[in-house]
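# Inside the fold
Spelled out from the first residue to the last, the chains are:
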Amino acid sequence: MQTTDGSDFDYEVLIVGGGPAGLSAALQLGRSLRSVLVCDNDEPRNGPAAEAHGYLTRDGIPPEELRRLGREEVTKYDGEFRNSQVTNVERSGAGFTSTLDTDETVTSRKVLLATGVSDDLPDTDGFEEFWGSGVYHCPYCHGYEVRDQPLGVLVTNQHMVEYAKMVYNLSKDLIVFTDGQDVFDDESRLTFVERGIEIEDEPIIALNGSDGNLENISLADGHNVARHALFYPPPMEQHSELPEQLGLDVNEAGLVDATRSQRGIGFTSVDGVFIAGDASSGAPPAIVSAVADGYAVGATMNGELSMEDFEVGLQ
Ligand SMILES: Cc1cc2nc3c(=O)[nH]c(=O)nc-3n(C[C@H](O)[C@H](O)[C@H](O)COP(=O)(O)OP(=O)(O)OC[C@H]3O[C@@H](n4cnc5c(N)ncnc54)[C@H](O)[C@@H]3O)c2cc1C
């Protein structure tokens with residue numbers, strides 16, 4: 001018979017992804033005396049940024065330092081780590097068997113996917129080069145640092161017009177680039193023009209600069225527009241193939257549908273597999289939300305393990 005203390009398994013919980021969400025869940029589970037393995041292949045979403053902002057008490061911390069501190073805390077509670085990618089997760093018996101890219105296999109009672117998202121960037125020259133160091137997705141994360149500078153916002157559909165309005169608060173020297181897309185009707189165009197915001201409809205050819213700093217934006221008509229930073233919220237997609245492999249429901253925004261019940265949050269359509277952080281529909285995409293979500297999902301998973309330990313027939 002299967003024992004209740006997880007001894008049939010290598011770990012009680014496998015956490016895939018060691019970013020803010022995965023580490024926060026690992027902390028809760030470790031403090032609940034659950035054996036945890038965190039696997040991470042070191043491709044954090046905010047890796048291109050030098051500093052992370054908006055996380056109270058850690059504002060301005062380099063992303064890798066936040067992760068190092070997180071690992072240190074998880075290690076205090078005997079959490080283990082592998083710097084490797086999980087390539088496959090499948091159900092086996094009452095739990096799961098997962099395969100790492102080192103060919104190691106790991107069994108666990110539960111699996112948490114804290115695998116994050118990837119940003120689907122336009123293939124315009126220079127976009128990727130300046131992503132996180134001059135091209136930003138989030139005015140809350142990086143707006144303050146470029147306040148009052150010549151700024152741009154790339155707005156390629158009508159839903160993004162509201163986003164452009166938020167950047168106006170950061171600098172009155174603002175140009176909205178539509179990259180040749182039909183975004184504004186006359187009325188909404190006027191609301192921008194009335195506030196001294198230029199709308200540039202020429203397609204963008206390239207982003208240019210030096211030493212990782214954005215300097216100007218080349219347009220199809222041949223002229224360059226000097227800009228210190230450009231804001232653009234790209235579509236997101238799942239970073240990992242595991243949600244698809246496991247048949248999890250992914251919504252239109254590219255996020256795994258997480259459900260909440262009286263028993264907690266972070267449940268997916270596959271029993272025993274949980275989701276937390278950016279990858280989940282349950283958390284707005286920011287470090288503080290990923291940490292909060294990881295905390296809550298970690299506690300939910302501990303609750304599920306505890307309830308199972310009391311199921312009839314197990315002892
Ligand atoms: C350029 C940029 C700057 C940002 N700046 C800020 C900021 O200043 N403040 C802020 O609050 N937010 C910021 N964000 C958002 C922030 O990065 C995310 O909200 C946060 O990282 C989400 O944490 P997470 O743990 O869910 O995902 P992530 O931090 O992305 O961590 C997921 C981890 O899972 C790993 N992984 C994925 N699949 C596998 C697999 N199969 N096997 C093993 N490991 C796997 C990845 O390598 C990654 O390390 C920024 C985002 C970007 C793009």
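## Notes on the site of the ligand
In the vicinity of the ligand lie 38 residues, with Asp40, Asn41, Glu43, His53 and Ile287 positioned nearest. Here proline 20 contributes a backbone N or O atom positioned 3.2 Å from an oxygen atom of the ligand. The backbone of isoleucine 287 places a nitrogen or oxygen atom 2.9 Å from an oxygen atom of the ligand. Summarising the interface, the protein chains cover 98% of the accessible area of the ligand, which totals 1,000 Å² for the free molecule. Where the shell around the ligand is concerned, the elements lending two or more residues are helix 1 (20-31), helix 4 (139-142) and helix 8 (287-309). Broken down by class, the residue content of the shell around the ligand amounts to 16 nonpolar, 15 polar and seven charged. Among the domains, domain 1 (11-119 + 235-312) and domain 2 (127-231) are the pair contributing at least three residues each to the shell around the ligand.

## Concerning empty space enclosed by the protein
Scanning the entire structure with this criterion turns up one cavity of 30 Å³ or more. With three residues, helix 2 (residues 63-76) is the largest single contributor of residues to the lining of the largest cavity. Residue composition of the lining of the largest cavity, grouped by class: five nonpolar, one polar and one charged.

## Topic: the domain arrangement of the protein
Along its sequence, the protein is carved into domain 1 (11-119 + 235-312) and domain 2 (127-231). The C-alpha centroid of domain 2 is placed 34 Å from the C-alpha centroid of domain 1. Counting residues at the interface gives six residues for domain 1, matched by six residues for domain 2. The contact between domain 1 and domain 2 buries some 570 Å² in all, and 55% of this surface belongs to carbon and sulfur atoms. Along the contact surface separating domain 1 from domain 2 lie zero salt bridges. Put simply, domain 1 and domain 2 have zero residue pairs in polar contact (both at pLDDT 80 or more) between them.

## A closer look at the pairing of strand 10 (residues 174-177)
With burial as the criterion, each face of strand 10 is covered, one bearing Leu174 and Val176 and the other bearing Ile175 and Phe177. Relative to strand 10, strand 9 (residues 151-154) runs parallel, the two being bridged by four bridges. Each residue of the ladder has a partner; that of leucine 154, found in strand 10, is phenylalanine 177. Between the parallel pair strand 9 and strand 10, the chain is carried across by helix 5 (residues 161-168), and the sense of this crossover is right-handed. Here strand 10 runs beside strand 11 (residues 198-200); their pairing, made up of three bridges, is parallel. Looking at strand 11, one finds that isoleucine 175 is bridged to glutamate 198. For the crossover from strand 10 across helix 6 (residues 186-193) to strand 11, the handedness is right-handed.

## Some words on helix 5
Residue pairs spaced three or four apart in an α-helix point in one direction, given the helix's 3.6 residues per turn. What helix 5 keeps buried is the set Val161, Tyr163, Ala164 and Val167. Buried residues in helix 5, looked at end-on, bunch into an arc of 155°, giving them a common side. On its buried side, helix 5 packs onto strand 8 (135-136), helix 4, strand 9, strand 10, helix 6 and strand 15 (229-231).

## Some details on the packing of helix 1 against helix 8
Axis angle and axis distance: for two packed helices, these are the angle between their axes and the distance between the axes, and together they describe the pair. Interhelical geometry of helix 1 versus helix 8 gives an angle of 35° and a closest axis separation of 7 Å. Regarding helix 1 and helix 8, the two cross each other, and that crossing is right-handed. Where helix 1 approaches helix 8, its residues Pro20, Ala21, Ser24, Ala25, Gln28 and Leu29 are matched on the opposing element by Ile287, Ala290, Val291, Gly294, Tyr295, Gly298, Ala299, Met301 and Asn302. Of the residues contributing to the contact of helix 1 with helix 8, the split by class is ten nonpolar, five polar and no charged.

Conventions used here
Residues numbered from 1 in each chain as written. Predicted model: local features only at pLDDT ≥ 70, side-chain atom pairs only at ≥ 80, totals over all residues. Heavy atoms only, no water. Near = heavy atom within 4 Å. Polar contact = N/O pair within 3.5 Å; in protein donor to acceptor, adjacent residues only side chain to side chain. Areas by Shrake-Rupley, 256 points an atom, 1.4 Å probe, with all protein chains shown as cover. Helix = DSSP H or I, 4+ residues; strand = E, 2+ residues; numbered from the N terminus. Nonpolar A, V, L, I, M, F, W, Y, C, P; charged D, E, K, R; others polar. Domains from an automatic or database assignment. 1 Å grid on protein atoms, 1.4 Å probe; cavity = no way out; pocket = protein on both sides within 12 Å on 5 of 7 lines; lining within 4 Å. Points joined across faces, edges and corners; volume = space filled by probe spheres on them. Contact = heavy atoms within 4.5 Å. Buried area = accessible area lost by both parts, 1.4 Å probe. Salt bridge = Lys/Arg side-chain N within 4 Å of Asp/Glu carboxyl O. Buried < 20%, exposed > 50% of the residue type's maximum accessible area, 1.4 Å probe, protein only. Pairing = 2+ DSSP bridges. Right-handed = clockwise from strand over helix to strand, strands pointing away. Arc of directions from axis to C-beta. Axes fitted to C-alpha atoms, helices over the stretch in contact; angles between N-to-C directions. Left-handed = near helix turned anticlockwise from the far one by under 90°.

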